[in-house]
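Chain and residue survey
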Protein chains: 2
Amino acid sequence: MKETKPSPAGDLRVAESFRRWVAMPVDQASCPVRDVLDRLGEKWVTLLVMALVERPRRFSELFRLVPDISKRSLTQALRSLEQDGIVTRHVFPTTPPAVEYRLAPLGATMLEPLAAMIAWAEDNHGRIRAARRRYAAAEAKRSGASGSASS
Amino acid sequence: MKETKPSPAGDLRVAESFRRWVAMPVDQASCPVRDVLDRLGEKWVTLLVMALVERPRRFSELFRLVPDISKRSLTQALRSLEQDGIVTRHVFPTTPPAVEYRLAPLGATMLEPLAAMIAWAEDNHGRIRAARRRYAAAEAKRSGASGSASS
DNA sequence: CAGAATCCCTAAAGATACTG
DNA sequence: CAGTATCTTTAGGGATTCTG
């Protein structure tokens, strides 16, 4: 197990974050949580960041590395990341052209929190799947019981 | 600035995570990163978790708290969270009925990594917005320069 | 090789109306 | 109050084709 530190301070910090957030205008652009986290939520973004941790990768390399992505989505996701300064794009004017994507300094700073989330996901994947099964079972029982008895 | 610790260990850990992930079958359900992180990426999920940090909230409370969510989306997001064991749902059979959503223990454990991500987002929101402006400017120049000279 | 452009299609999200 | 049901709109994303 990792450190199961209670971190009441952390909780309070989140609570504070939320308080600030809720006080903000709905304006998506000015709310970091929505503006930044939404980006990270985009389908392939985190996966690509992970793919770039070890070393820079070329387009086709990433394309092969993520089996079920389309070139279009790959391009889009890389654009997002480039736009936000998370990755940089280097074009080598050879023939045929080679393009390399590398984690920008800003991107490197997000590895820590990202790794924390990933670790949490891995640690609790079992629990979550169990919870889903439990939920499905409860749901099935609800449907099965025709609204009559069965307490 | 916070601690800008280099954390090479953290980076390696992510790299390792990715290596494991890429070796996995595409099977979404067996990959924690995709299975769990995708959920967290769902539009309102993190926001709702944040809304539940301080104390349990009722449906209508959450509805008011998140200004631009629809009842339908709220219900769905809460279902997701309930399904995964992140929140629990308590029905008080009064008339009219009151339903309270509260962070489950499992949900509480994700506050730490989530807070880390949020902190990162807040710390770097300015940088990201700047990067976007830079990107937009560079893009505009590309369009402006009719593809001829300009080094 | 690395993309841009196009078409298509599904899933997510909003609005509205109805119900226990 | 706390939903569900239905309809509609939209945008994300996939497949394909074309280009520098």
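Counting from 1, residues in each chain are numbered in the order their sequence is written. Starting at A for chains and at 1 for ligands, labels are handed out in the order in which the entities are written. Per-residue local features of the predicted model are confined to residues with pLDDT of at least 70, and side-chain atom pairs are confined, for both listing and counting, to 80 or more; whole-chain, interface and lining totals are unaffected and use all residues. Where side-chain values are given, they derive from all heavy atoms of the structure, hydrogens and water being excluded.

Some thoughts on the sheet that holds strand 2 (residues 87–92) of chain A
Residues and elements named next belong to chain A. Reading across from one edge, 1-3-2 is the order of the 3 strands in this open sheet, with antiparallel pairing throughout. Every interior strand has two partners, whereas the edge strands, strand 1 (57–58) and strand 2, have only one. Taken strand by strand, helix 5 (residues 71–83) contacts strand 2 and strand 3 (98–103), and its axis lies near 110° from that of strand 2. Whether two strands pair comes down to DSSP finding at least two bridges between them. Counting from the N terminus, the helices are DSSP H or I runs at least four residues long and the strands are E runs at least two residues long. Note on definitions: a residue-residue contact is assigned when non-hydrogen atoms from the two residues lie within 4.5 Å. Throughout, an axis means a line fitted to C-alpha atoms (over the contacting stretch in the case of helices), and angles, computed between N-to-C directions, take values from 0 to 180 degrees.

Re the sheet that holds strand 2 (residues 87–92) of chain B
All names here are of chain B. Within the open sheet, the 3 strands sit side by side as 1-3-2. Their pairing is antiparallel. What marks the edges here is a single partner per strand, and that holds for strand 1 (57–58) and strand 2. Sheet topology note: the strand 1/strand 3 (residues 98–103) ladder contains 2 bridges and is antiparallel. Across the sheet, residue Arg 58 finds its bridge partner in strand 3, namely Glu 100. Strand contacts of helix 5 (residues 71–83): strand 2 and strand 3, with the helix running at about 110° to strand 2, the strand carrying the most contacts.

Focus: the UniProt feature "domain: HTH hxlR-type" (unreviewed entry) in chain A
UniProt feature "domain: HTH hxlR-type" (unreviewed entry): in the numbering of this structure it lies at residues 31–129 of chain A. In residues 31–129 of chain A, the share of helix is 62% and the share of strand is 14%. The end C-alpha atoms are 32 Å apart. UniProt positions are given in the numbering used here, feature names are shortened, and annotations may be inferred rather than shown by experiment.

So, the protein's contact with DNA strand D
The immediate surroundings of DNA strand D are formed by 20 residues, with Lys 43 and Ser 73 of chain A together with Ser 60, Arg 79 and Arg 89 of chain B found nearest. Near the protein, meaning within 4 Å, the atoms of DNA strand D are sugar or phosphate in a fraction of 67%, with bases accounting for the rest. Listed by contribution, the elements that provide at least two residues to the surface near DNA strand D are helix 5 of chain A together with helix 4 (59–65), helix 5 and strand 3 of chain B. Examining the composition of the surface near DNA strand D, we find that 4 residues originate from one element, helix 5 of chain B, more than from any other. Basically, the charged four are Asp, Glu, Lys and Arg, the nonpolar ten are Ala, Val, Leu, Ile, Met, Phe, Trp, Tyr, Cys and Pro, and anything else, Gly included, counts as polar. In terms of residue class, the surface near DNA strand D is built from 8 nonpolar, 4 polar and 8 charged. Note on definitions. A residue lies near a molecule or strand when any single heavy atom of the residue is within 4 Å of it.

Remarks on the environment of Leu 114 of chain A
Along the chain, the position of Leu 114 of chain A falls in helix 7 (residues 111–144). If near-sequence neighbours (up to four positions away) are discounted, Leu 114 of chain A is found in contact with Thr 46, Val 49 and Met 50 of chain A together with Met 117 of chain B.

Describing the protein's contact with DNA strand C
Around DNA strand C there are 20 residues in total, and Ser 60, Arg 79, Arg 89 and Tyr 101 of chain A together with Ser 73 of chain B lie nearest to it. A breakdown of the atoms of DNA strand C within 4 Å of the protein gives sugar and phosphate a share of 64%. Whenever two N or O atoms come within 3.5 Å, that pair is a polar contact, provided that in protein one can donate a hydrogen and the other can accept it, and provided that, for residues adjacent in sequence, both atoms are side-chain atoms. A distance of 3.5 Å is found between a phosphate oxygen of DNA strand C and a backbone nitrogen or oxygen belonging to Asp 68 of chain B. Elements supplying a minimum of two residues to the surface near DNA strand C: helix 4 (59–65), helix 5 and strand 3 of chain A together with helix 5 of chain B. The element that contributes the greatest number of residues to the surface near DNA strand C is helix 5 of chain A, accounting for 4 residues. Counted by class, the surface near DNA strand C contains 8 nonpolar, 4 polar and 8 charged residues.

Here we look at the nonpolar core
Side-chain atoms within 4.5 Å are what join buried Ala, Val, Leu, Ile, Met, Phe, Trp, Tyr and Cys residues into a set we call a nonpolar core. Here the term buried applies to any residue with accessible area under 20% of the maximum for its type, exposed to any over 50%, and partly exposed to those in between, with areas from a 1.4 Å probe on protein chains only. Core analysis: the largest hydrophobic core is formed by 72 residues, its most contacted members being Leu 48 of chain A together with Leu 48 and Trp 120 of chain B. Aside from chain neighbours lying at most four places away, what touches Leu 48 of chain A is Leu 62, Val 66, Leu 74, Ala 77, Leu 78 and Leu 81 of chain A.

As for helix 5 of chain B
Residue and element names in this part refer to chain B. Between its terminal C-alpha atoms helix 5 stretches 18 Å, which fits the 18 Å expected from 13 residues at 1.5 Å a residue. Leu 74, Ala 77, Leu 78, Ser 80 and Leu 81 are the residues of helix 5 that are buried. Down the axis of helix 5, the buried side of the element spans an arc of 155°, and every buried residue falls inside it. Seen from the open side of helix 5, the exposed residues pointing more than 90 degrees away from its buried face are Lys 71 and Arg 72. Expected span, for any helix, means 1.5 Å times one less than how many residues it has. Arc definition: it is the arc formed by the directions from the helix axis to the C-beta atoms.

Remarks on helix 5 of chain A
An α-helix turns once per 3.6 residues; consequently, residues spaced three or four apart project the same way. All of the buried residues along helix 5 of chain A are Leu 74, Ala 77, Leu 78, Ser 80, Leu 81 and Glu 82 of chain A. Of the residues one or two after helix 5 of chain A, Gly 85 of chain A is the one with positive phi, at around 80°.

Observations concerning unusual backbone geometry
Here the bond from Thr 95 of chain A into Pro 96 of chain A is cis, since omega is 0°, no more than 30 degrees from zero. The topology assignment puts Pro 96 of chain A in the loop between strand 2 and strand 3.

A look at the pairing of strand 3 of chain B
Residues and elements named next belong to chain B. With 5 of 6 residues buried, strand 3 is to be regarded as a mostly interior element. With 6 bridges connecting them, strand 2 and strand 3 associate as antiparallel partners. Counterpart to Arg 89 in the pairing with strand 3 is Tyr 101.

Thoughts on the environment of Val 99 of chain B
All names here are of chain B. In this structure, Val 99 sits in strand 3. Sequence-wise, Val 99 and Ser 60 are 39 residues apart; in three dimensions their C-alpha atoms are separated by 8.9 Å. For Val 99, the contacting residues outside a window of four places in its chain are Arg 57, Arg 58, Phe 59, Arg 89, His 90 and Val 91.

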